[in-house]
Amino acid sequence: MTIAAHPLVARARELADGLLSPAAERVDQEGVPPGHIEAVKRSGLLGVSAPVAYGGSAAPASVVRETAEILAGACCSTWFVQTQHQTPVLTLAGTALPVRERLLGPLARGELLSGVAYAHLRSYPRIPVRVRREAGGWRFSGTVPWYTGWGLNDVLLLAGVTEDDEALFAFVEAREQPGLRPSEPMRLAALTASRTVSLDLDGLRVPEEAVALRTPYPRWAAADRPKTRNANPAVFGIAQAALALVEEEYAAALRGRLAEIRRRAYALADHPVPYEHAAERLAVRAEAFTLLRTATTAALVSGGGRAMSLDHRAQRLAREGLFLLVQGQTSESRTAHLKRLAERHDSGR
């Protein structure tokens, strides 16, 4: 079966063309509506990587990437809310702890939508969220700087660092409760629609049976680091959507360059040893961002003065492209990207 013929790819295209893309400019200004989330839940896309035994599809990586491109290119805000769901699913699929049997099925089948609150772990040795043990469970204290999908998610996967320098992940209900208070939704240059808040944790109690992962922090960081070196499929989805707004005589060459960078990026992503070719992965990631910026700029130029309107597609795509520049950024990826930008500036003199 080709990627294009896979049922989940077909469903993603149907969802994108029939619902997400036509409403994207309105969603950008008003927020992701519950109806979009319900449609994503019904589509089966929330279980794209989940085990078949739990109601998922266990689709190959190529299908996971293709569906991500389609959704991001149609409505980046909706894509960003639902893409948070994949980390909890994969975390549960890889654990033997009791929470797996309670939540993996509902998450894989799209009965529940999960968010994530763990990116702050990458700021170590600074520890924004600390976890301490108590009888029968754990207490979380600190601040989660970014949490996406508030008011849309059913549960969230929350992470912190224990006194023994372990990374601990646990599921909690995604609602205000004793020890957990959200901020007002943030006003952002892009993806305000994704309902992003910060979370104030003041001794939030989490029972032991809600823990999904507990591992030494260095081991978690070593497994996490390669993920931020690869190009995000959303970059290619938004670039393709932007080029669709450009006259073909100009878009054709850019589309060819995009296809080549995409091919190289996915070949590296499929390499069996994720921590090898680190420098090349970061370089290709930076190349992808450079072409994304070119594609969204071309869409703005093609749109002329009309593209400065907040309800113009080119302007939305350009802002979404800016968001992806910093989404999932680490000090390593930031340095590689800045180096790439500086080298291009020097070569253009």
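Whatever comes next refers back to the structure up there.
Scoring rules and cut-offs
- Residues numbered from 1 in each chain as written.
- Predicted model: local features only at pLDDT ≥ 70, side-chain atom pairs only at ≥ 80, totals over all residues.
- Heavy atoms only, no water.
- Helix = DSSP H or I, 4+ residues; strand = E, 2+ residues; numbered from the N terminus.
- Rg over C-alpha atoms; globule rule 2.2 N^0.38 Å.
- Buried < 20%, exposed > 50% of the residue type's maximum accessible area, 1.4 Å probe, protein only.
- Contact = heavy atoms within 4.5 Å.
- Areas by Shrake-Rupley, 256 points an atom, 1.4 Å probe, with all protein chains shown as cover.
- Lys, Arg positive; Asp, Glu negative; His and termini not counted.
- Charge placed at Lys NZ, Arg CZ, Asp CG, Glu CD.
- Salt bridge = Lys/Arg side-chain N within 4 Å of Asp/Glu carboxyl O.
- Phe/Tyr/Trp six-rings, centres within 6.5 Å; stacked < 30°, edge-to-face > 60°.
- Lys NZ or Arg CZ within 6 Å of the ring centre and 35° of its normal.
- Pairing = 2+ DSSP bridges.
- Polar contact = N/O pair within 3.5 Å; in protein donor to acceptor, adjacent residues only side chain to side chain.
- Disulfide = S-S within 2.5 Å.

Participant: Tell me about the overall build of the chain, residues and numbers included.
Facilitator: Within the chain, the secondary structure is distributed over twelve helices and eight strands. Taken over the C-alpha trace, the chain has a radius of gyration of 20 Å; the compact-globule value for 349 residues is 20 Å, and the two agree within 12%. Its C-alpha atoms put the chain at 65 × 45 × 45 Å along the principal axes. A total of 349 residues make up the chain; the buried ones form 52% of that total. Within the chain, contacts between residues separated by at least 24 positions form 73% of all contacts whose residues are at least 6 apart in sequence. Surface summary for the chain: the accessible area is close to 15,800 Å², and the carbon and sulfur share equals 54%. The average position of the 42 basic charges and that of the 37 acidic charges among the side chains of the chain differ by 2 Å.

Participant: Describe the pattern of salt bridges, naming the residues involved and giving the relevant values.
Facilitator: In the structure shown here, the tally under the stated rule is 24 salt bridges. Notably, a salt bridge pairs Asp28 with Arg319, separated by 2.6 Å at the nearest N-O pair. Within this pair, whereas Asp28 is found in helix H1 (residues 7-30), its partner Arg319 is found in helix H11 (residues 313-326), the two being separated by 291 residues in sequence. For Asp28, a relative accessible area of 7% corresponds to the buried category.

Participant: Account for the packing of aromatic side chains, naming residues and giving values.
Facilitator: Overall, the coordinates contain nine aromatic pairs when judged by the stated rule. Residues Tyr124 and Tyr217 carry aromatic rings whose centres are separated by 4.1 Å and whose planes lie at 20° to one another, so their mutual orientation is stacked. Placement of Tyr124 in the loop between strand E1 (114-117) and strand E2 (129-134) and of Tyr217 in helix H7 (residues 217-224) is noted, with a sequence separation of 93 residues between them. Classification of Tyr124 by relative accessible area gives partly exposed; the value is 30%. The exposure class of Tyr217 is buried, given its relative accessible area of 7%. The structure contains a cluster of three or more aromatic residues connected by ring pairs, namely Tyr118, Tyr124, Phe169, Tyr217 and Trp220. In this structure, Arg65 packs its charged tip against the face of Tyr266, placed 4.3 Å from the ring centre.

Participant: Can you lay out the pairing of strand E5 (residues 166-173) for me, pointing to particular residues and giving the numbers?
Facilitator: Summarising burial for E5: seven of the eight residues are buried, a large majority. Sheet analysis places strand E4 (residues 155-162) next to E5, joined by seven bridges and oriented antiparallel. Within the sheet, the bridge partner assigned to Ala159 lies in E5 and is Phe169. Taking the residues between adjacent antiparallel strands as the criterion, E4 and E5 are bridged by three residues, where Asp165 takes a positive phi near 65°. Pairing analysis gives five bridges linking E5 to strand E8 (residues 211-216), with the strands arranged antiparallel. Directly across from Ala167, in E8, lies its bridge partner Thr215.

Participant: Go over the side chain of Thr228 with me, naming the residues and quoting the values.
Facilitator: Tracing the sequence through the fold places Thr228 in the loop between H7 and helix H8 (233-243). Engagement of the side chain of Thr228 in a polar contact is seen with the backbone oxygen of Arg225, the distance being 3.0 Å.

Participant: Pulling in residues and values, what's your account of the state of the cysteines?
Facilitator: Under the counting rule described, the total for this entry stands at zero disulfides. Cys75 carries a free sulfur, and the closest cysteine sulfur to it, the one in Cys76, is 7.7 Å from it.

Participant: Explain the environment of Val89 residue by residue, including any values.
Facilitator: Mapped onto the elements of the fold, Val89 is located in helix H5 (residues 86-93). Separated by 25 residues in the primary sequence, Val89 and Ser114 place their C-alpha atoms 8.5 Å from one another. Residues within four places of Val89 in sequence aside, it is in contact with Leu46, Ala50, Leu104 and Leu107.

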